[in-house]
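# Summary of structural features
Residue-level listing of the chains:
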There are 2 protein chains.
Amino acid sequence: MKYCGVCHSDVHIGEGDLPNVMYPCVPGHELVGVVTEVGPDVTRVKVGDNVGVGCIVDACLKCASCMAGDEMLCENGGSTHTYNTMKGKYEEFGMQSHQIGNLLVQNFGGYSGSNVVHEHFLIKIPKAVPLEKAGPIMCAGITMYEPLCHYGMKEAGLNGKKKCVGIIGLGGLGTMGVKLARAMGHDVCVISTSSSKEAVAKEKGATMFVVSKDEESMKKGAKSCDLILNTVSANHELSHYLSLLRPSGTLVQLGLVTKPHTVSQLPLMFTKTAVAGSLIGGIKRTQELLEFCAAKQVLPDIEMIEAKDIDGSWDKLKDNTAGGTRFVIDIEKSKMNADFIPKSEQMD
Amino acid sequence: MKYCGVCHSDVHIGEGDLPNVMYPCVPGHELVGVVTEVGPDVTRVKVGDNVGVGCIVDACLKCASCMAGDEMLCENGGSTHTYNTMKGKYEEFGMQSHQIGNLLVQNFGGYSGSNVVHEHFLIKIPKAVPLEKAGPIMCAGITMYEPLCHYGMKEAGLNGKKKCVGIIGLGGLGTMGVKLARAMGHDVCVISTSSSKEAVAKEKGATMFVVSKDEESMKKGAKSCDLILNTVSANHELSHYLSLLRPSGTLVQLGLVTKPHTVSQLPLMFTKTAVAGSLIGGIKRTQELLEFCAAKQVLPDIEMIEAKDIDGSWDKLKDNTAGGTRFVIDIEKSKMNADFIPKSEQMD
C-alpha cells in the first residue's frame, strides 16, 4: 500500500452514522499500491505493477449484472464493499467467494499497510496517472463517470456532439464531474445554493453557473442541461432541479439522501425526462476511466496527509470545508511517523 | 375522412373534465382518410393517398426538439394538438404557423367529415394496414412505441437480444404495448390489479402475468422487467412497481396522473434504475410505426361504431368496460345514417 484516499463515506461509517457498522473498522476504499505477491493462477497483474482497489472487492461474477460489468449491481446479494462488509457471503447463494482466508470475518479497508484482493477487482494504474492521485478516481471519479457513460455523454463527445452537463454541488464528486464532462467535450453548468462558489466552479472548468436558491438564476438556466448529476446528500426536493433539464434529459441522483421526494409525473411526461439513481460503477468501466484520465490528464485535486492527520481531515469533511479537495493518506510516510499509534497497534 | 378512432382523452376533453376546454369542441385525434386536394407546394402526398393524422397538427419545426423529430416537445410553446387548441400560436414566438385560414380560432378534430393539415403532420398509411385500424396506431400505438424505441427495446430486438417488457394496465394503450413489445421479439409481463385479466392478457400475447395487489405474485415477478410501461391514469404510487424492474431498468409513466408520487432515491441508486415520463411521439417515429405495424401485422383490436353510437362508447370508456378494444367511427356510414343530427348541423 502506498496511498489511500479519504472519502466522506469513511466518516459516516467510521463514526457510526450508518446503521450496523462492524467494529473494529478499518475504513478506506481508494487504495493504491504495488503488487508484492501473486498466486499461481493470476494472469492480469504481476509483482511490481501499480494497482488500485476501489469500492468493490467481491461479487458473484456469474449473474447477468456482473456479466454486464455492473458488479455493483450483483444480483446474488449485492457486491462486497471494500470494508465494513462480511467476506464469503456468496456461499449462501451457492456461489464462490473470490476472497481468501477466514471467510467469516469482515473486510478491512485501505487505511492499512497491505491488502489482499482477487485480480478481477484490481484496477491497473496507467503510468500517466500520478499514483497519489489515482485513489479518488476509483470512488469519486467512477461515481460521476458511470452516469456520464450510461446516459450517452461520453459517446456524444466522441461523435463531436456538444452537450451540456449540469453538476449540482461542488465537493469531491462534483469537481471530478466538472473535469470529466469537460474532458468529454461538453459545456458544464455548475448548480450551487450559493453564488460564492461561482469563481471556484469556473476555475475547475464550469462554463455556466446557476444559483439554485435564486429564482432569476434558475430561470436563466431553464432547459439548459441534457444531463444533470446531483451530488447533494442532504435532504432536498429533486423536483426543484427539473426545470433545468432540456427535453429528453435525465436527472441522476447520486447522494445517500434518505428523505423521499415528491415527484409529479406530468412534467416528466411533457418533457420526456427521467429521474434516475446511480452508485459507483463496475470494474471494467473503472479501468476504462483510469485510461481516460491518463489520456486526458483529468486528475482530482488532492491534499496529502499522514495517518496522524486523519482527525483533522474528517473534521473538514464533516464541516464541509474541504471544498473539492480530496485528502489522500501517504501510507509509507505514515508508517515512518507512526509514533502516535500505540506500539502494539502499529501497521507492518 | 373515412374513420376516426375514439380515445379516452376525447371523453375527458369533450365532457370538460380537463380545465379550459374550448366549446364548441369537435374531438378526435385518430383521423384516417384519403387526400382529396393538395396545395401547389405539397410533395409528400398526392390526391388519392391513404393518410392519417394523429395527435399533432402543428409545431414550430425549427427548435432542437422539432429538428430531432420530437415535435410533441416543441420548445416554442409546445406542439399544437389536433383539437381543443388554438391555431397560429407560433406567431407570438416569431415563428410561422403551418395551418391555413383564420388563425385566431381553435382546431377541430376528427369526429368530422373533413380536415385540412400541413403535409408535415400527415402519416402515410401503408397498404398492409387496414384503413379502419390505422387510427388507434397513431395515438395508443405511438404512445407505447415511442418509449419502447427511446429505451432501446426496438434496437435490442433487432440485435436478437430478448428482453422483458412490463405493461401495467390492459386497456387500449396496454394492449397495443403487449403486441408491439412481442413483435419486437421480447417477453411481455402484464401487470394488473386483478387476476381476472390474466386470460385476456395471455390472449393478447403476454408471456407472464403479475397481480399487483398480490404480494406473492409481486415477489414472483421481482426484478423481471427491463422496461415497464405504466398506462395507469388513476392516482397511485409508482414506487409500488419498482421491485419488478431489473437492474438498470426504467419505469415509464404514461397516464395523466395528477397526484404526485413519493419517491426515495435510494432504491433507484442501488439498482441503477430510472423513473421517466413519455407522451405520444413525433411524426417521423409515427410514420416508422405504421411501417412496423404493416410489416409485423400489429393491429389494434377495434369495434366499429357510427356517430350515433358515440354516447354508448364514451360510457364504456368511462365505466372502464371497453377492455383493450378501441372504438372507431365509420365516418362515411355515419354520414349516410345521420338522421339523429339536426339537419342544420349535418356533416358535408
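Residues numbered from 1 in each chain as written. Chains lettered and ligands numbered in written order. Predicted model: local features only at pLDDT ≥ 70, side-chain atom pairs only at ≥ 80, totals over all residues.

## Digging into the overall build of chain A
Along the backbone of chain A there are 11 helices and 15 strands. The C-alpha atoms of chain A give 20 Å as radius of gyration, which agrees with the globular expectation for 348 residues (20 Å, within 12%). Projected onto its principal axes, the C-alpha positions of chain A cover 60 × 45 × 40 Å. Residue burial in chain A is summarised as follows: out of 348 residues, 47% are buried. (Helix = DSSP H or I, 4+ residues; strand = E, 2+ residues; numbered from the N terminus. Rg over C-alpha atoms; globule rule 2.2 N^0.38 Å. Buried ≥ 20, exposed ≤ 12 C-beta atoms within 10 Å, placed from the backbone.)

## Quick look at the relation of the copies chain A and chain B
Here chain A sits on chain B after a turn of 180° about the axis and a move of 0.0 Å along it, with an RMSD of 0.0 Å. As the rotation angle and translation indicate, the two copies are arranged about a two-fold axis. Interface overlap between copies: 100% of the residues of chain A at the interface are likewise at the interface in chain B, consistent with a symmetric, same-surface contact. (Least-squares fit on C-alpha atoms with pLDDT ≥ 70 in both. Contact = placed C-beta atoms within 7 Å.)

## Looking at the sheet that holds strand β10 (residues 225-230) of chain B
Ordered in space as β9(A)-β8(A)-β7(A)-β10(A)-β11(A)-β13(A)-β13(B)-β11(B)-β10(B)-β7(B)-β8(B)-β9(B), the 12 strands form an open sheet in which the pairing is mixed. Edge positions in the open sheet fall to β9 (208-211) of chain A together with β9 (208-211) of chain B, since each of these has one partner strand only. Each strand of the sheet is rotated relative to its neighbour by a mean of 20°, with strand direction disregarded. Sheet analysis places strand β8 (residues 187-192) of chain A next to β9 of chain A, joined by 4 bridges and oriented parallel. Paired with Ser192 of chain A across the strands is Val211 of chain A, a residue of β9 of chain A. (Pairing = 2+ DSSP bridges. Axes fitted to C-alpha atoms, helices over the stretch in contact; angles between N-to-C directions.)

## Focus on the interface of chain A and chain B
On the side of chain B, 27 residues touch chain A, which itself brings 27 residues to the contact. Contributing elements (two or more residues each) for the side of chain A that touches chain B: β11 (245-253), β12 (261-263), α8 (265-271) and β13 (274-277) of chain A. When its residues are assigned to classes, the side of chain A that touches chain B shows 12 nonpolar, 12 polar and 3 charged. Where β12 of chain A and strand β12 (residues 261-263) of chain B come together, 3 bridges link them in antiparallel fashion. Directly across from His261 of chain A, in β12 of chain B, lies its bridge partner Val263 of chain B. (Nonpolar A, V, L, I, M, F, W, Y, C, P; charged D, E, K, R; others polar.)

## Let's talk about the sheet that holds strand β3 (residues 50-53) of chain B
Residues and elements named next belong to chain B. Ordered in space as β6-β3-β2-β1-β15-β14, the 6 strands form an open sheet in which the pairing is mixed. Looking along the sheet, the strands with just one partner apiece sit at the ends: β6 (123-124) and β14 (302-305). Pairing geometry for strand β1 (residues 3-6) and strand β15 (residues 326-330), over 4 bridges, is antiparallel. Bridged to Val6 within β15 is Phe327. Helix α3 (residues 131-150) contacts β1, β2 (31-34), β3, β6, β14 and β15 of the sheet and is inclined by roughly 45° relative to β1.

## Things to note about α3 of chain B
Residues and elements named next belong to chain B. The end-to-end C-alpha distance of α3 is 27 Å, a good match for the 28 Å that 20 residues give at a rise of 1.5 Å each. The sharpest bend along α3 comes to roughly 50°, located at Gly141. Burial runs high along α3: 17 of the 20 residues are buried. (Expected span 1.5 Å × (residues − 1). Bend = angle between axes of the 7 residues up to and from the residue.)

## Section: the pairing of β1 of chain B
Residues and elements named next belong to chain B. On β1, burial covers both faces: Tyr3 and Gly5 on one face and Cys4 and Val6 on the other are all buried. Bridge analysis of β1 against β2 gives 2 bridges, and the strand direction is antiparallel. The partner of Tyr3 across the bridge, within β2, is Val32.

## What to know about the nonpolar core
Counting residues in hydrophobic clusters, the biggest one holds 174 residues, and the most contacted among them are Val165, Val190 and Ile228 of chain A together with Val165, Val190 and Ile228 of chain B. Not counting the four nearest positions on each side in its chain, Val165 of chain B is found in contact with Met153, Ala181, His186, Val188, Cys225, Asp226, Leu227 and Leu229 of chain B. (Core = buried A, V, L, I, M, F, W, Y, C linked by C-beta atoms within 7 Å.)

## What to know about the packing of helix α3 (residues 131-150) of chain A against helix α9 (residues 283-296) of chain A
Residue and element names in this part refer to chain A. Contact geometry for α3 and α9: axes closest at 10 Å, N-to-C directions at 100°. Put simply, α3 runs roughly perpendicular to α9. In this structure, α3 uses Ile137, Met138, Gly141, Ile142, Tyr145, Glu146 and Cys149 to contact α9, whose residues at the interface are Arg285, Thr286, Leu289, Leu290 and Cys293. For the contact of α3 with α9, a count of residues per class yields 8 nonpolar, 2 polar and 2 charged. (Parallel < 35°, antiparallel > 145°, perpendicular 65-115°, else oblique.)

## Notes on the domain arrangement of chain A
Residues and elements named next belong to chain A. Looking at chain A, the domain boundaries give domain 1 (3-124 + 301-345) and domain 2 (141-277). Each of domain 1 and domain 2 has a C-alpha centre, and these two points are 29 Å apart. Taken residue by residue, the interface counts 5 residues in domain 1 and 8 residues in domain 2. Per-class residue counts for the side of domain 1 that touches domain 2 are no nonpolar, 3 polar and 2 charged. (Domains from an automatic or database assignment.)

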